[in-house]
Amino acid sequence: MTDDPFSPPPELRRPERRLRGRMVAPVTLWTAGQEEARTGLTVSSILVAEGDPSSVLGLVNDMSGLWDAVHATGAFVVHVLERRHRALAERFAGARPSPGGLFHGLDVAASRWGPCLADVGTRACCGLVGATEVGYQQLVRGVIERVEIGAVEDPLGFFRGRYRALAPRGAP
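The sections below set out a description of the structure shown in this document. (Residues numbered from 1 in each chain as written. Predicted model: local features only at pLDDT ≥ 70, side-chain atom pairs only at ≥ 80, totals over all residues. Heavy atoms only, no water.)

Turning next to the pairing of strand β9 (residues 123–134). Taken together, the five bridges between strand β6 (residues 75–80) and β9 define a ladder with antiparallel strand orientation. The partner of Val78 across the bridge, within β9, is Ala124. Hairpin remark: β9 followed by strand β10 (residues 137–148), antiparallel, with two residues in the connecting loop; positive phi at Gly135, about 60°. (Pairing = 2+ DSSP bridges. Helix = DSSP H or I, 4+ residues; strand = E, 2+ residues; numbered from the N terminus.)

What follows is the structure in structure tokens.
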């Protein structure tokens, strides 16, 4: 059961979507653009591929402002979110209002890849390599040009349509 009044009943949901919902996915925030054109989107369909160079692959809706900014600038930033960032994930997913804009009240530093959120210490700064239409989305591939590693002790996951912590509160 979901609290979302717009969610279709289980018998009307596509089985592929239900299958995807049964897999735990990391919650990341992708940002792109500069100054007034900066934007972001919560992305859970993501993969990091090691190599030389290493890559990030993610599914992004091509109707989103993020896709427009990534396509226009050729760069983006992937932030790895934690439990404490749940409201941030909801804000950039469009599930929580953001009066004043998506970045209002956030400590943001500009970079050549896009906005970097000071409160999120683990991020990958990426150059766009290309994108391929996959289903209803674009499979975006970026080459990782810079990585910043912070302590991610309590990662945020997405499971069965909800943001969830992987460990109970207070767990070591």
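Now that the structure is up, let's keep going.
Glancing now at the nonpolar core. It is characteristic of soluble globular proteins that their nonpolar side chains tend to be buried jointly. Grouped together as the largest cluster of nonpolar side chains are 17 residues, with contacts concentrated most on Trp30, Val56, Val60, Phe76 and Val78. For this core, the secondary-structure elements that each account for two or more residues are β2 (28–32), β3 (39–43), β5 (55–60), α2 (65–73), β6, β9 and β10. Counting residues per element, this core draws most heavily on α2, at four residues. In this view, Val78 contacts Thr28, Leu29, Trp30, Ile46, Val56, Thr122, Arg123, Ala124 and Cys126; residues no more than four positions away in its chain are not counted. Formed by eleven residues, the second largest nonpolar core is a distinct cluster that contains Val27, Leu29, Phe103 and Leu117. (Core = buried A, V, L, I, M, F, W, Y, C linked by side-chain atoms within 4.5 Å. Buried < 20%, exposed > 50% of the residue type's maximum accessible area, 1.4 Å probe, protein only. Contact = heavy atoms within 4.5 Å.)

Sheet architecture is open: three strands sit in the order β1-β11-β12, paired in antiparallel fashion. The open sheet has two edge strands, β1 (25–26) and β12 (162–165), and neither has a second partner. Judged from the four bridges that link them, strand β11 (residues 156–159) and β12 form a sheet pairing that is antiparallel. Each residue of the ladder has a partner; that of Gly157, found in β12, is Arg164. The sheet contacts of helix α3 (residues 86–93) involve β11 and β12, and relative to β12 the element is tilted by about 160°. (Axes fitted to C-alpha atoms, helices over the stretch in contact; angles between N-to-C directions.)

Function cannot be inferred from these measures alone, as they are strictly geometric.
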